Amino acid sequence: MVAFPTKRVVLFASGSGSNVENIVRYFRDRPNVTIAAVLTNKRDAKVLERCDTLNISALYFNKTAFSQTDCVLEVLKGLDPDLIVLAGFLLKVPQRLIRNFPDKIINIHPALLPKYGGKGMYGSHVHRAVKQNCEKETGISIHFVNENYDEGAIIHQAKTALSPEDSVASIAQKVHQLEYEHFPKVIEQLLARQ
């Protein structure tokens, strides 16, 4: 029997970590993929509590360590990830990380890019804009990260229909369902190609 090398994934999150938990649980029974660590830029992020519960290593870093020094880069080099996944991470990724991990950093965006992307367009800000513009559909975009917010090459999109009765909260719920369904599968597909 051929043994496949274990693929290593590092997750970045800034908030509650529901996508992190979903991804961790998805890969729990897949011995060829390990979640090496979760990194967060928020000291009080709920994702840290989830990591405790899930028995996953988690590290907090501040903006200086991320944007102005090589601290986070050195941590990542030590973790040796095959893929870096932004799962609800809000900071712009610095060039030094993109250069050191080309085509290995992906993000999920809660809209159908190129619509509703860019600085400040995350979470309820996106869903509110979708509602205000009376969109008939929305969805998710999983894309590679480049030097600009939400402009990297799109890997996968999934859509959901909207009705005029949808609220910002119900739009968010529909988008979360797409995230939970598609994000782990796309990560798995990307790892299989390496």
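Residues numbered from 1 in each chain as written. Predicted model: local features only at pLDDT ≥ 70, side-chain atom pairs only at ≥ 80, totals over all residues. Heavy atoms only, no water.

Student: Describe the overall build of the chain, with residues and values.
Tutor: Per the secondary structure count, the chain includes seven helices and seven strands. Along the chain direction, N to C, the helices and strands of the chain fall in the order β-α-β-α-β-α-α-β-α-β-α-β-β-α. Taken against the 2.2 N^0.38 rule, which gives 16 Å for 194 residues, the C-alpha radius of gyration of the chain at 16 Å falls within 12% of a compact globule. Looking at the chain as a whole, 47% of its 194 residues qualify as buried. The contacts of the chain with a sequence gap of at least 6 include a subset with a gap of at least 24, amounting to 69%. On the chain, roughly 10200 Å² of surface is accessible, and the fraction owed to carbon and sulfur atoms is 50%. A distance of 2 Å separates the average location of the 24 positive side-chain charges in the chain from that of its 20 negative side-chain charges. (Helix = DSSP H or I, 4+ residues; strand = E, 2+ residues; numbered from the N terminus. Rg over C-alpha atoms; globule rule 2.2 N^0.38 Å. Buried < 20%, exposed > 50% of the residue type's maximum accessible area, 1.4 Å probe, protein only. Contact = heavy atoms within 4.5 Å. Areas by Shrake-Rupley, 256 points an atom, 1.4 Å probe, with all protein chains shown as cover. Lys, Arg positive; Asp, Glu negative; His and termini not counted. Charge placed at Lys NZ, Arg CZ, Asp CG, Glu CD.)

Student: Can you lay out the pattern of salt bridges for me, pointing to particular residues and giving the numbers?
Tutor: Tallied over the entire structure, the rule returns eight salt bridges. R50 is the partner of E21 in a salt bridge, and the nearest nitrogen-oxygen pair spans 2.5 Å. Separated by 29 residues along the polypeptide, E21 in helix α1 (residues 18-27) and R50 in helix α2 (residues 46-54) bring together distant segments of the chain. Accessibility expressed as a relative area gives 24% for R50, which makes it partly exposed. With a shortest N-O distance of 2.9 Å, D166 and K174 are connected by a salt bridge. With a relative accessible area of 7%, D166 lands in the buried category. (Salt bridge = Lys/Arg side-chain N within 4 Å of Asp/Glu carboxyl O.)

Student: Which residues make up the sheet that holds strand β1 (residues 7-13), and what values do they have?
Tutor: Pairing in this open sheet of seven strands is mixed, and the strands run β3-β2-β1-β4-β5-β6-β7 from one edge to the other. Each having just a single partner strand, β3 (58-60) and β7 (154-161) make up the two edges of the open sheet. Strand-to-strand twist of the sheet, defined as the mean angle between neighbouring strand axes without regard to direction, takes the value 20°. With four bridges joining them, β1 and strand β4 (residues 83-86) adopt parallel strand pairing. Residue pairing in the sheet places L11 in a bridge with V85 of β4. Across the sheet, α1 touches β1, β2 (33-40) and β4, and the angle it forms with β2 is around 165°. The sheet strands contacting α2 are β1, β2 and β3, and the helix crosses β2 at an angle near 145°. (Pairing = 2+ DSSP bridges. Axes fitted to C-alpha atoms, helices over the stretch in contact; angles between N-to-C directions.)

Student: Quick one: what's the story with empty space enclosed by the protein, residue by residue and with numbers?
Tutor: Using the criterion set out here, one finds one cavity of 30 Å³ or more in the structure. Computed from the structure, the largest cavity encloses a volume of approximately 40 Å³. Lining of the largest cavity is provided by F12, F66, L76, I84, L86, V93, L97 and I105. Among the residues making up the lining of the largest cavity, the classes are represented as eight nonpolar, no polar and no charged. (1 Å grid on protein atoms, 1.4 Å probe; cavity = no way out; pocket = protein on both sides within 12 Å on 5 of 7 lines; lining within 4 Å. Points joined across faces, edges and corners; volume = space filled by probe spheres on them. Nonpolar A, V, L, I, M, F, W, Y, C, P; charged D, E, K, R; others polar.)

Student: Give me the layout of surface pockets: which residues, what numbers.
Tutor: Taking a probe equal in size to a water molecule and rolling it over the atoms shows the remaining empty space. A volume near 860 Å³ is recorded for the largest pocket. Around the largest pocket, the lining is made up of 39 residues, and of these G88, F89, L90, Y122 and G123 lie nearest the centre. Among the residues forming the lining of the largest pocket, the class breakdown is 14 nonpolar, 19 polar and six charged. Considered as a void within the structure, the second largest pocket measures approximately 170 Å³ in volume. Taken together, 10 residues line the second largest pocket, and the ones lying closest to its centre are K7, N32, V33, L191 and A192.

Student: Requested: an account of the environment of A45, with residues and values cited.
Tutor: By the element assignment, A45 lies in the loop between β2 and α2. With relative accessibility at 6%, the residue A45 sits in the buried group. Discounting residues that sit within four places of it in the chain, A45 has contacts with S14, G15 and T40.

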